[in-house]
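# Residue-level structure breakdown
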Amino acid sequence: MVRIAYLTLYNLFGLAGWGFILFTVVSMAGQGRLKNLWDEHEWTVKVVHGAAVLEIAHAGLGLVRSPMSRTFIQVSRGVPRRAVSCRAVCCVLLVLSRL
């Protein structure tokens, strides 16, 4: 039950983050302010997209039925390099390998 509640909250966080970004991009487009789009959304995109690193932990801990190696490849290819450092990913993998 705790696993389902946690994963639901994790997914709701992602939904809310991407929904917020979509809403603000559409409103900025309506105002013709797309020139500064990245400047205004960089931090939010990095936080929401960077949270994908937790998916490696989810796979490693068995919270989801995905192989950790495949999840690592998918996440490492999709997360902007500046959003999450290589150290963070390596720390997650190190901790999970000790479990």
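This write-up is about the structure you can find in this document.

Quick notes on the rules
Counting starts from 1 at the beginning of each chain's written sequence and moves along it residue by residue. Two thresholds apply to this predicted model, a pLDDT of at least 70 for residue-level local features and 80 or more for giving and counting side-chain atom pairs, whereas whole-chain, interface and lining totals are computed over all residues. With hydrogens and water excluded, all non-hydrogen atoms of the structure serve as input to the side-chain values. Secondary structure elements are taken from DSSP: a helix is a run of H or I of four residues or more, a strand is a run of E of two residues or more, and numbering for both begins at the N terminus. Exposure is judged per residue with a 1.4 Å probe applied to protein chains only, and the accessible area is read against the type maximum: over 50% gives exposed, under 20% gives buried, and values in between give partly exposed. The contact criterion used is simple: two residues touch if any of their non-hydrogen atoms lie within 4.5 Å. All accessible areas in this document rest on Shrake-Rupley with a 1.4 Å probe, and a residue is counted as covered only by the protein chains that are shown. One speaks of a salt bridge when a side-chain nitrogen belonging to Lys or Arg is within 4 Å of a carboxyl oxygen belonging to Asp or Glu. Whether two aromatic rings pair depends on their centres lying within 6.5 Å, for rings of Phe, Tyr and Trp, where Trp uses its six-membered ring; planes under 30 degrees apart make the pair stacked, over 60 edge-to-face, and the rest tilted. Fitted lines through C-alpha atoms serve as axes, helices being fitted only where they are in contact, and the angles separating the N-to-C directions of these axes extend from 0 to 180 degrees. Any angle from 65 to 115 degrees is called roughly perpendicular, while one under 35 is roughly parallel, one over 145 is roughly antiparallel, and all others are oblique. If you view the pair so one helix is near and one far, a crossing is left-handed when the near helix is turned anticlockwise from the far one by less than a right angle, and right-handed when it is turned clockwise. Residue type decides the class: Asp, Glu, Lys and Arg count as charged, Ala, Val, Leu, Ile, Met, Phe, Trp, Tyr, Cys and Pro as nonpolar, and the leftover types, Gly among them, as polar.

As a further point, take the overall build of the protein. Looking only at helices and strands, the protein has five helices and zero strands in total. Going from N to C terminus, the protein has its helices and strands arranged as α-α-α-α-α. When burial is assessed residue by residue, the protein has 25% of its 99 residues classed as buried. Sequence-distant contacts in the protein: of pairs separated by 6 or more residues, those separated by 24 or more amount to 59%. A total of about 7,300 Å² of accessible surface is found on the protein, and carbon and sulfur atoms cover 64% of it.

The subject of this paragraph is the side chain of Thr71. For Thr71, the position within the fold is in helix α4 (residues 68-78). Once you skip the residues sitting within four places of it in the chain, Thr71 turns out to touch Glu55, Ile56, Ala59 and Ser66.

On to the pattern of salt bridges. Under the definition given, this model contains two salt bridges. In this structure, Glu40 and Arg33 form a salt bridge, with 3.3 Å as the shortest nitrogen-oxygen distance. Among the residues examined, Glu40 registers a relative accessible area of 42% and is labelled partly exposed. For Arg33, a relative accessible area of 37% translates into the label partly exposed. When the shortest N-O distance is used, the salt bridge between Glu42 and Lys46 registers 2.8 Å.

Further remarks concern the packing of aromatic side chains. The geometry of an aromatic ring pair is captured by two quantities: the separation of the ring centres and the angle between the planes. Following the criterion strictly, the structure yields one aromatic pair and no others. Their ring planes at 25° and their centres at 6.5 Å tell us that Tyr6 and Tyr10 sit as a pair that is stacked. Taken together, the residues span about one helical turn, with Tyr6 and Tyr10 both in helix α1 (residues 2-30) at a distance of four residues. Looking at Tyr6, the relative accessible area reads 34%, which means it is partly exposed.

This part is about helix α3 (residues 54-61). Side chains of residues three or four places apart in an α-helix project in the same direction, reflecting 3.6 residues per turn. Those residues of α3 that fall on the buried side of the exposure criterion are Ile56, Ala57, His58 and Ala59. A positive phi of about 80° marks Gly62, the residue just after α3.

In this section: the packing of α1 against α3. At a minimum axis distance of 12 Å, the contact between α1 and α3 shows a crossing angle of 160°. On the basis of their axis angle, the class for α1 and α3 is roughly antiparallel. For the pair α1 and α3, the sense of crossing is left-handed. In contact with Tyr6, Leu7 and Tyr10 of α1, α3 contributes Leu54, Glu55 and His58. Taken together, the residues of the contact of α1 with α3 sort by class into four nonpolar, one polar and one charged.

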